[in-house]
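Listed below are the residues making up each chain.
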Amino acid sequence: MAFDVDLFVIGGGSGGVRAARIAAAEGGARVALAEESRMGGTCVIRGCVPKKLMVFASDFPTQIADARAYGWDVQPGAFDWTRFRTALEAELSRLETAYRGTLAGAGVQVHDTRATVEDAHSVRLATGERITAKHILIATGGRPFVPDIPGADLAVTSNEMFHLPALPRRALVVGGGYIASEFAGILHGLGVHTTQYYRGAQILRGFDDEARGHVSNAMQAAGIAIHCGTDVLRLERTPGGIRAVATDGTEREFDLVLYATGRRPNSAGLGLEALGVELGRHGEVVVDDWSQTAVPSIHAVGDVTNRVNLTPVAIREGHAFADTVFRGVPTKFDHGLIASAVFTRPELGTVGLSEEAARALGPIEVYAATFRPMQTLFAGRQDRVLMKLVVDAASRKVLGCHIVGPGAGEMIQLAAIPIGMGATKEDFDRTVAVHPTMAEELVTMRKPVRTG
């Protein structure tokens, strides 16, 4: 059978764009891609990139205060949200143009419309056009989840946070994951009186307990009101804002309520189940180690599969798919050891096993150090850094590394290399420290603080 294209990609995010580009430019495939929203997907348009720029913006009040402590005659001024938002939107447009240029340069045909799967080898565009393809790749990402409570329509999600008409005076962030905790820090840094509700016992569930406790304590010391064991029963419009009626019996009023209570795979309405593609209980597209669904011609990568929902993972999954199917290089992506960073204040960087997960597998040694870093200590701040290594007692391999402090994301990227290579604690010990730095603590901790 002759097909219109070799590959049709549904979704113009990081995973889909990488797969399309590699398949076309390096695999010689005829590729088409459909995106119903802006090219670049969640990360570029409504996720990692604009969020990190907001993190940078929210850091300046502290930096200005530190500059004064270091002798600079500077005074903080008012933050101009409209000016920042305009520059942010211009940057996102620039990045979207770059993504489109990359696809065009690779010879990928782009359709700016929604596409659904009609059968194992064809898609239907919202324009009515039908395109046949030897292979179909689902890369539609995820969407914010807001629970069905009275007044849910009064809340915003992370999608809207980058386009607010004005900054609120009082904000409630609902959720305890990394998105919620990052936005709580951003809003607080921009001068918003910020409250965070989380129904669990501690924010940042799934991360190392000691590390997430360190982050939580620092956030609260900075002035963020974190209420764990608390959820919203309903939201009500009031003359002065939005009233949040909570499970702890309180009723508080806010100008903005942000729901960051998780994300769901964006698979609804694509026509997959009717074709025999299995979906999980949250709507995730079920795939094997090769990102292939139960229908051999249909694959899926990225957040829509709900494996490890990180942009670099989606990129690697998309690349592995293109290598396997179009370049004749069978490639499986290993999801087992992936570094990540949470851009709270302070940052959290992590790779490998938490202390709790490692202890469940066998005897371990824990090396940890907390200290006031030189730069902020001189400025009179009470910030504390945490450096932590989790070591297998028998093999001496470093199973996990957890860093809380300025630049944790940058440091954990480098720590991930030796840990991924199987480095032992003694390998770390043999490494000469770079002094004076925070990171030198990773190679100077000699005695475990806990064993077992």
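Residues numbered from 1 in each chain as written. Predicted model: local features only at pLDDT ≥ 70, side-chain atom pairs only at ≥ 80, totals over all residues. Heavy atoms only, no water.

(A) Fine view of the overall build of the protein chain. The secondary structure content of the protein chain amounts to 11 helices and 22 strands. Against the 2.2 N^0.38 benchmark of 22 Å for 452 residues, the protein chain shows a C-alpha radius of gyration of 24 Å, consistent with a compact globule. Principal-axis analysis of the C-alpha atoms places the extent of the protein chain at approximately 70 × 65 × 45 Å. Taken across its 452 residues, the protein chain has 48% of its residues classed as buried. Of all intrachain contacts in the protein chain linking residues separated by at least 6 positions in sequence, the fraction that spans at least 24 positions is 62%. Accessible surface for the protein chain amounts to roughly 20,500 Å². Of this, 53% is attributable to carbon and sulfur atoms. Across the protein chain, 46 positive and 50 negative side-chain charges occur, with their mean positions spaced 2 Å apart. (Helix = DSSP H or I, 4+ residues; strand = E, 2+ residues; numbered from the N terminus. Rg over C-alpha atoms; globule rule 2.2 N^0.38 Å. Buried < 20%, exposed > 50% of the residue type's maximum accessible area, 1.4 Å probe, protein only. Contact = heavy atoms within 4.5 Å. Areas by Shrake-Rupley, 256 points an atom, 1.4 Å probe, with all protein chains shown as cover. Lys, Arg positive; Asp, Glu negative; His and termini not counted. Charge placed at Lys NZ, Arg CZ, Asp CG, Glu CD.)

(B) Here's a closer look at the sheet that holds strand 18 (residues 348-352). The sheet built from six strands is open, its strands ordered 17-18-21-20-19-22 with antiparallel pairing. For this open sheet the edge positions go to strand 17 (340-342) and strand 22 (450-451), each flanked by a neighbour on one side alone. Relative to the sheet, helix 6 (residues 209-222) contacts strand 18, strand 19 (364-371), strand 20 (385-392), strand 21 (398-404) and strand 22, its axis offset from that of strand 20 by approximately 175°. (Pairing = 2+ DSSP bridges. Axes fitted to C-alpha atoms, helices over the stretch in contact; angles between N-to-C directions.)

(C) Highlighting a nonpolar patch on the surface. On the surface, a nonpolar cluster with roughly 410 Å² of combined accessible area is contributed by Y70, W72 and F378. Tracing the sequence through the fold places W72 in the loop between helix 3 (48-69) and helix 4 (81-106). (Patch = residues over 30% accessible without salt bridge, like charges linked within 9 Å, V, L, I, M, F, W, Y side chains within 5 Å. Salt bridge = Lys/Arg side-chain N within 4 Å of Asp/Glu carboxyl O.)

(D) A look at the environment of F343. Along the polypeptide, F343 turns up in the loop between strand 17 and strand 18. Sequence separation between F343 and V325 is 18 residues, and the spatial gap between their C-alpha atoms is 36 Å. What F343 contacts, discounting residues up to four positions off in sequence, is K52, V55 and E182.

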